[in-house]
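# Overview (structure and organization)
Spelled out from the first residue to the last, the chains are:
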Amino acid sequence: MSESFRQAAGRKVVSRATAQQLGTVSHLLVTADGRRVAAVVMGKGKKASLVDWSQLTGFGTDAVMVGDEAALRQPADAREHAAAEGKLELIGRRLLSESGNELGTVDDVTFDPASGALEALHGGAHQVAADAVLGAGSYAVVVAASAGAV
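These notes cover the structure that comes with them. (Residues numbered from 1 in each chain as written. Predicted model: local features only at pLDDT ≥ 70, side-chain atom pairs only at ≥ 80, totals over all residues. Heavy atoms only, no water.)

### Some words on the sheet that holds strand 6 (residues 56–59)
Reading across the sheet, the seven strands line up as 6-7-2-3-4-5-8 and stay open at both edges, with mixed pairing between neighbours. Strands with a single pairing partner mark the edges of an open sheet, and in this sheet they are strand 6 and strand 8 (72–73). Bridge analysis of strand 6 against strand 7 (residues 63–66) gives three bridges, and the strand direction is antiparallel. In the sheet register, Phe59 faces strand 7, and the bridge partner there is Val64. (Pairing = 2+ DSSP bridges. Helix = DSSP H or I, 4+ residues; strand = E, 2+ residues; numbered from the N terminus.)

### Describing the sheet that holds strand 9 (residues 94–97)
Reading across from one edge, 10-9-15-14 is the order of the four strands in this open sheet, with mixed pairing throughout. One side of each edge strand has no neighbouring strand; the edge strands of this open sheet are strand 10 (102–105) and strand 14 (133–136). Going from strand to strand, the sheet's axes swing by 20 degrees on average, the running direction of each strand aside. Note: strand 14 against strand 15 (residues 140–143), three bridges, orientation antiparallel. Each bridged residue has a counterpart across the sheet, and for Gly135 the counterpart in strand 15 is Val142. (Axes fitted to C-alpha atoms, helices over the stretch in contact; angles between N-to-C directions.)

### A look at unusual backbone geometry
Of note, the phi angle at Ala19 is positive, near 65 degrees, even though the residue is not glycine. Of note, Ala19 is situated in the loop between strand 2 (12–15) and strand 3 (21–30). When its relative accessible area of 60% is taken as the criterion, Ala19 is described as exposed. (Buried < 20%, exposed > 50% of the residue type's maximum accessible area, 1.4 Å probe, protein only.)

### Section: the nonpolar core
Counting 33 residues, the largest nonpolar core has Phe5, Leu118 and Val141 as its most contacted members. Excluding residues within four positions of it along the chain, Val141 makes contact with Leu90, Arg93, Arg94, Leu95, Leu96, Val106, Leu121, Val133, Gly135 and Ala136. (Core = buried A, V, L, I, M, F, W, Y, C linked by side-chain atoms within 4.5 Å. Contact = heavy atoms within 4.5 Å.)

### A short note on the side chain of Ser4
Mapped onto the elements of the fold, Ser4 is located in strand 1 (residues 3–4). The class of Ser4 is buried, set by a relative accessible area of 6%.

### A closer look at the pattern of salt bridges
Working definition: two side chains of opposite charge can pair if their charged atoms are close together. Per the counting criterion, the structure on display carries four salt bridges. Salt-bridge contacts for Asp52 lead to Arg73; the nearest nitrogen and oxygen are separated by 2.7 Å. With a gap of 21 residues between them, Asp52 in strand 5 (residues 49–52) and Arg73 in strand 8 connect regions that are remote in the sequence. Overall, the relative accessible area of 25% leaves Asp52 in the partly exposed class. A salt bridge links Arg73 to Glu80; its shortest N-O distance comes to 2.7 Å. By relative accessible area, Arg73 is classed as partly exposed at 22%. Beyond isolated ion pairs, a larger network of salt bridges with shared partners links Asp52, Arg73 and Glu80. (Salt bridge = Lys/Arg side-chain N within 4 Å of Asp/Glu carboxyl O.)

### Quick notes on the pairing of strand 3
By the bridge criterion, three bridges tie strand 2 to strand 3 in an arrangement that is antiparallel. The residue of strand 3 that forms the bridge with Lys12 is Thr24. Connecting strand 2 to the next strand, strand 3, in antiparallel fashion are five residues, including Ala19 with a positive phi near 65 degrees.

Purely geometric stuff here, so don't read any function into it on its own.
As structure tokens, this is what we get:
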């Protein structure tokens, strides 16, 4: 069963060890190649915390579970700081083909909640399979020119 970035936003992040809410999902940070969720971002700016995907123990419809508070960490590099500022969020990003053709704006992204693998990007009249993503950055998500609707 797929999850979507829009549905994940605002979901509680809960410690399995203490059953305490640690925060809520602001957005999801994807790997530079744009094909997998790298981390869950909670909060924004200097108050942001990240939880690496590998530290999640469950991604359910009501909450995201982590082992304990030790799973939370501060942004470690420029890319993660940009993510904490919301500059790398895929929702709202331009969707471009590698030849520069405008395909629309990313409206949502579906992913596998068990593995974090992206499944598809949804934008305008286009639905692009995640394996067609060539890169994702602060300006746009670029997909292979041969990427057709799935």
